[in-house]
Amino acid sequence: MLHIDRRSLRIRLLAWLGGVALLVVVTTWLLHGILLHSLARDFLGERLQREANHAVAQLEQDQTAVPTALDSVSQGYQVFHHLYVLRFNGSVSASDPQWQQQLAPLLEENGDALIDVNRGTQHMLVYRRHFEWQGTQGVLLVGEDFSQVEAGLATLHWWVGGIAAVLLGMLILLNMLAVNRGLIPLWQLRQQLEALRSGKRDRLSLVAPSELDELVDQLNWFMDDIDLRLKRSRESVANLSHALKTPLAAVTQVLRGNRPIDENRRHKLLSRIEDINAQLDAELRRSRIAGPNAGRMANVTRDSLRLIEMFRSLYPERIFDLTHSASEEEQVPIESHDFSEILGIVLDNAGKWSSRRVHCDVAVTVTALTLTIDDDGQGVANEELSRLGERGTRLDERRPGYGLGLSILAQLVARYSGYSQFERSPLGGLRVTIALPLTGEVVN
């Protein structure tokens, strides 16, 4: 049996286009029949009206003219299918006595009008004309057989229907060609995706309609993002291999040695293990960077409040303030975990180095998200500000740490094409300003 895939876009388009074409053709054909019949009736009615006016004009000139005309029309009625019925001075005369009784009730009605009269299968179109001559009222009926005209119209209508059916078939064929032609870019896209999956190509290159431009761009962005994550994963493995090789060798040597582990060596061993743990934590945090194409949104207000509450618990002796311009439901195209990581790194540093207070301001505009974090600590010397964010750099050894947080922050900000700035805070400590674009453009 012929299987039709109802989910197929091609079948759906053909069904809709075919259905619309059928509806238009059938509606047009029906309207053609109605309008054709109406035009023919109006045309014949206008001609009957002119004949009635002409007959009344003759009667006004010579009363004997109309009976004479009626007699002549009576002889040719069977040929020309015309009919006259006249009531004047109380007498009624007709060109066809068979219709006189049928049309007699029309003589009693008022007003001039075009009237349809049916007798069996015969359809007569009659125009009634009232007139006055020498103070006497009269009524003239002028009729014509409309049946043969209708038969001719019906034949013409069915011929038009046959032509319309042929045109409908041609239209369906043209629709099939147009749909097949229009779906070629989708077939090409499917072939390129197959080639992409098999490794024969690394990007999509498709001359597609403008409606598919966004789709192709998004697919290319996702592939670039996957390539970047793969590259970052490989770099993380290489970094871990390089960074952990020496301390692991040292720890292994100590554990395999016969020398007793005194307090000094134990501290060194713990220091090596803590370095390994810090390196692992940093690389894991880097691996979780999703980037702007992850397709997940961050709720700025909710995530900011959650982080502020968390750091208030971690640093109960500090005061964490938050101001924000975003609504409670507003979301930004930044992956939620990335946003928490960015703001969390800066708040953690501010909590460590502040004296009493940390203030965070979150501003959302149409084009960018701006985070401004101030603390009232001792700050950083102006000549040292440029070194902040360098991997492994610690400008102050009084607090625990490994100098990796701001390095990860720099990578996160760069991943979103934003920038970070370090300067003296009005509170006396350090001000960190982070701007992330929300429109895909680089923030300057």
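Residues numbered from 1 in each chain as written. Predicted model: local features only at pLDDT ≥ 70, side-chain atom pairs only at ≥ 80, totals over all residues. Heavy atoms only, no water.

- As annotated in an unreviewed UniProt entry, the chain carries the name histidine kinase and is attributed to Vreelandella lionensis.
- As recorded by UniProt, the Catalytic activity (unreviewed entry) comment attached to the chain reads in full: "ATP + protein L-histidine = ADP + protein N-phospho-L-histidine."
- As recorded by UniProt, the Subcellular location (unreviewed entry) comment attached to the chain reads in full: "Membrane". (UniProt positions renumbered as here; feature names shortened; annotations may be inferred.)

A look at the sheet that holds strand E7 (residues 319–324)
Stage number 1. A sheet is described by the order of its strands in space; here five strands give the open sequence E7-E9-E10-E12-E11, paired in mixed fashion. In this open sheet, the two edge strands, each paired with only one partner strand, are E7 and strand E11 (419–424). Each strand of the sheet is rotated relative to its neighbour by a mean of 15°, with strand direction disregarded.
Stage number 2. Where strand E10 (residues 368–375) and strand E12 (residues 430–437) come together, seven bridges link them in antiparallel fashion. (Pairing = 2+ DSSP bridges. Helix = DSSP H or I, 4+ residues; strand = E, 2+ residues; numbered from the N terminus. Axes fitted to C-alpha atoms, helices over the stretch in contact; angles between N-to-C directions.)

Remarks on the environment of Ile-342
Stage number 1. Within the secondary structure, Ile-342 sits in helix H9 (residues 336–353).
Stage number 2. On the basis of relative accessibility, which here comes to 0%, the residue Ile-342 falls in the buried class.
Stage number 3. Taking the C-alpha atoms as reference points, Ile-342 and Ile-408, separated by 66 residues in sequence, lie 8.5 Å from one another.
Stage number 4. With near-sequence residues (within four places) excluded, Ile-342 lies in contact with Leu-371, Leu-409, Leu-412, Ile-434 and Leu-436. (Buried < 20%, exposed > 50% of the residue type's maximum accessible area, 1.4 Å probe, protein only. Contact = heavy atoms within 4.5 Å.)

Examining the environment of His-337
Stage number 1. By the element assignment, His-337 lies in helix H9.
Stage number 2. Here His-337 falls in the partly exposed class, since its relative accessible area comes to 30%.
Stage number 3. Considering only alpha carbons, one finds His-337 and Asp-303, 34 residues apart in sequence, at a separation of 9.3 Å.

Regarding helix H3 (residues 97–107)
Stage number 1. Listed in full, the buried residues belonging to H3 are Trp-99, Leu-103, Leu-106 and Leu-107. Along H3, the residues classed as buried sweep out an arc of 90° about the axis, all on the same side. (Arc of directions from axis to C-beta.)

Describing the side chain of Arg-128
Stage number 1. With respect to the secondary-structure elements, Arg-128 resides in strand E4 (residues 122–133).
Stage number 2. On the basis of relative accessibility, which here comes to 3%, the residue Arg-128 falls in the buried class.
Stage number 3. Not counting chain neighbours up to four residues away, the residues in contact with Arg-128 comprise Leu-106, Glu-109, Asn-110, Gly-111, Asp-112, Ala-113, Ile-115, Val-139, Leu-140 and Leu-141.

Quick notes on the pairing of strand E2 (residues 91–94)
Stage number 1. With four bridges joining them, strand E1 (residues 82–88) and E2 adopt antiparallel strand pairing. Considered in E2, the bridge of Val-85 is made with Ala-94.
Stage number 2. Hairpin connection of E1 to E2: two residues between the antiparallel strands, including Asn-89 at a positive phi of 55°.

Re the sheet that holds E2
Stage number 1. Spatial ordering of the open sheet is given by E2-E1-E5-E4-E3, a layout of five strands whose pairing is antiparallel. Each edge of the open sheet is held by one strand with a lone partner, namely E2 and strand E3 (113–119). Averaged over all adjacent pairs, the angle separating strand axes in this sheet is 20°, with direction ignored.
Stage number 2. Strand direction decides the pairing type here: E1 and strand E5 (residues 136–145), joined by seven bridges, are antiparallel. Of the residues in E5, the one forming a bridge with Tyr-84 is Val-142.
Stage number 3. Set on the sheet, H3 makes contact with E1, E2, E3, E4 and E5; between it and E3 the angle comes to about 140°.

Quick look at the pattern of salt bridges
Side-chain pairs of opposite charge can arise whenever the charged atoms involved come near each other.
Stage number 1. This structure, assessed with the given rule, holds twelve salt bridges.
Stage number 2. Of the charged contacts, one joins Lys-352 and Asp-348 as a salt bridge, the two residues approaching to 3.9 Å between their closest N and O atoms. Highlighted residues: Lys-352 and Asp-348, both in helix H9, separated by four residues, approximately one helical turn.
Stage number 3. Counted as one network, the salt bridges with shared partners bring together Arg-302, Asp-303 and Arg-306. (Salt bridge = Lys/Arg side-chain N within 4 Å of Asp/Glu carboxyl O.)

Observations regarding the nonpolar core
Stage number 1. Ranked by size, the top nonpolar core spans 39 residues in total, and within it Leu-347, Leu-369, Leu-371, Ile-373 and Ile-434 carry the most contacts.
Stage number 2. With seven residues, the top contributor of residues to this core is H9.
Stage number 3. Not counting the four nearest positions on each side in its chain, Ile-373 is found in contact with Leu-343, Val-346, Leu-347, Ala-350, Val-358, His-359, Cys-360, Leu-430, Arg-431 and Val-432.
Stage number 4. Within the second largest apolar cluster, 18 residues are counted, among which are Leu-44, Trp-133, Leu-140 and Leu-153. (Core = buried A, V, L, I, M, F, W, Y, C linked by side-chain atoms within 4.5 Å.)

Focus on the side chain of Asp-374
Stage number 1. Following the sequence through the fold, Asp-374 ends up in strand E10.
Stage number 2. Separated by 2.7 Å, the side chains of Asp-374 and Arg-431 make a polar contact.
Stage number 3. Excluding anything up to four places from it in sequence, Asp-374 contacts Arg-357, Val-358, His-359, Ser-425, Pro-426, Leu-427, Leu-430 and Arg-431. (Polar contact = N/O pair within 3.5 Å; in protein donor to acceptor, adjacent residues only side chain to side chain.)

Observations concerning the confidence of the model for the chain
Parts of the model with low pLDDT should not have their predicted coordinates read in detail.
Stage number 1. Considering every residue of the chain, the mean pLDDT works out to 78; 78% of them sit at 70 or more.
Stage number 2. Mean pLDDT across the elements of the chain bottoms out in helix H2 (residues 65–80) (47) and peaks in strand E9 (residues 357–364) (92).
Stage number 3. Between residues 72–80, whose pLDDT stays under 50, and residues either more than four places distant or in other chains, the model counts eleven contacts.
Stage number 4. This model gives residues 392–403 a pLDDT under 50, and the stretch forms 25 contacts once residues within four places in sequence are excluded. (pLDDT = per-residue confidence, 0-100.)

With respect to helix H4 (residues 147–182)
Stage number 1. Over its 36 residues, H4 runs 50 Å from end to end, which matches the ideal 52 Å to within 8%, given 1.5 Å per residue.
Stage number 2. When we look at burial in H4, the residues that qualify are Ser-147, Leu-153, His-157, Gly-161, Ala-164, Leu-168, Asn-175 and Val-179. (Expected span 1.5 Å × (residues − 1).)

Topic: unusual backbone geometry
Stage number 1. A positive phi angle, near 60°, is found at Ser-417, a position not held by glycine.
Stage number 2. Of the residues examined, Ser-417 reaches a relative accessible area of 31% and is grouped as partly exposed.

Focus on the packing of H4 against helix H5 (residues 184–197)
Stage number 1. Where H4 contacts H5, the axes come no closer than 4 Å and their chain directions differ by 35°. For the pair H4 and H5, the contacting residues are Asn-180, Arg-181 and Gly-182 in the first and Ile-184, Pro-185 and Trp-187 in the second.

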